[in-house]
Amino acid sequence: MPGEPQADCLFCKIVAGDVPATIVRETDTTVAFRDINPQAPTHVLVIPRAHYPDAAALAAASPEVLADVVREAREVAVQDKVSDTGYRIVFNTGGGAGQTVFHAHAHVLGGRGLEWPPG
Ligand code: AMP
Ligand code: ZN
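Cut-offs and rules
- Residues numbered from 1 in each chain as written.
- Chains lettered and ligands numbered in written order.
- Predicted model: local features only at pLDDT ≥ 70, side-chain atom pairs only at ≥ 80, totals over all residues.
- Heavy atoms only, no water.
- Donors = N, O, S within 2.8 Å, 3.2 Å for Na, K, Ca; no water.
- Buried < 20%, exposed > 50% of the residue type's maximum accessible area, 1.4 Å probe, protein only.
- Near = heavy atom within 4 Å.
- Polar contact = N/O pair within 3.5 Å; in protein donor to acceptor, adjacent residues only side chain to side chain.
- Areas by Shrake-Rupley, 256 points an atom, 1.4 Å probe, with all protein chains shown as cover.
- Helix = DSSP H or I, 4+ residues; strand = E, 2+ residues; numbered from the N terminus.
- Salt bridge = Lys/Arg side-chain N within 4 Å of Asp/Glu carboxyl O.
- Pairing = 2+ DSSP bridges.
- Axes fitted to C-alpha atoms, helices over the stretch in contact; angles between N-to-C directions.
- Contact = heavy atoms within 4.5 Å.

Caption draft 1: Main features of the coordination of the zinc ion (ligand 2). Looking at the zinc ion (ligand 2), the protein donor atoms are C9 (SG), C12 (SG), H51 (ND1) and H103 (ND1), and they sit 2.1 to 2.3 Å from it. Summarised as a motif, the one-chain spacing of the donors to the zinc ion (ligand 2) is C-x2-C-x38-H-x51-H. C12 gets classed as buried once you look at its relative accessible area, which sits at 8%.

Caption draft 2: Looking closely at the site of ligand 1. What surrounds ligand 1 is a group of 15 residues, the closest being D35, N92, G98, T100 and H107. Between I36 and ligand 1, the recorded distance is 3.2 Å, taken from a backbone N or O atom to a nitrogen atom. Taking N92, its side chain carries an N or O atom lying 2.9 Å from an oxygen atom of ligand 1. Compared with its free state, where it exposes 500 Å², ligand 1 has 83% of that area covered by protein. Counting residues per element, the ones that place at least two in the shell around ligand 1 are α1 (10–16) and β2 (30–34).

Caption draft 3: Summary view of the pattern of salt bridges. What the rule picks out here adds up to 5 salt bridges. A salt bridge links R49 to E26; its shortest N-O distance comes to 3.0 Å. Here the residue R49 occupies a position in the loop between β3 (42–48) and α2 (55–61), and E26 occupies one in strand β1 (residues 23–26), the gap between them amounting to 23 residues. Note that R34 and D80 form a salt bridge whose closest N and O atoms lie 2.9 Å from each other. Remark: D80 occurs in the loop between α3 (63–79) and β4 (87–90) and R34 occurs in strand β2; sequence separation between them is 46 residues. Residue R34 is classed as partly exposed on the basis of its relative accessible area of 32%.

Caption draft 4: Quick peek at the sheet that holds β4. With antiparallel pairing, 5 strands are arranged side by side in an open sheet as β1-β2-β3-β5-β4. The sheet terminates laterally at β1 and β4, the two strands that pair on one side only. Here the average twist between neighbouring strands, direction ignored, is 20°. Note that β1 and β2 share 3 bridges and pair antiparallel. Across the sheet, the residue bridging to E26 is V31, located in β2. Packed on one face of the sheet, α3 meets β1, β2, β3, β4 and β5 (106–110) and runs near 155° to β3.

Here you go:
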């Protein structure tokens with residue numbers, strides 16, 4: 001069933017509490033936790049509790065939850081005091097774009113200057 005937990009999914013395990021993570025925010029529909037390999041002073045992942053392989057699949061199945069993810073990304077930036085200087089929300093989509101975990105997630109990056117275009 002779309003949205004159901006996947007036994008082999010790392011982020012489903014974090015949602016279930018079976019893999020530890022430094023959780024910074026939680027809502028009924030989302031979990032936000034610090035990236036284990038941070039690329040900026042603030043590097044937090046915001047994920048839906050439901051399993052979808054990427055942001056586009058989440059948008060198609062559950063657009064209101066994708067909106068929750070983006071709203072939570074902003075709340076993370078406010079909480080980490082990087083919203084005034086600017087932050088980036090990234091959805092790597094597909095292996096060629098660097099996606100390695102196929103459970104939809106927003107990277108929230110901030111706290112340093114961010115180059116454009118990204119690498
Ligand atoms: P992506 O490459 O866009 O799929 O992003 C996956 C992110 O998950 C990477 O930035 C990893 O550093 C991060 N990551 C992998 N394992 C963990 C973990 N156990 N806890 C927190 N972040 C993780
Ligand atoms: Zn999952």
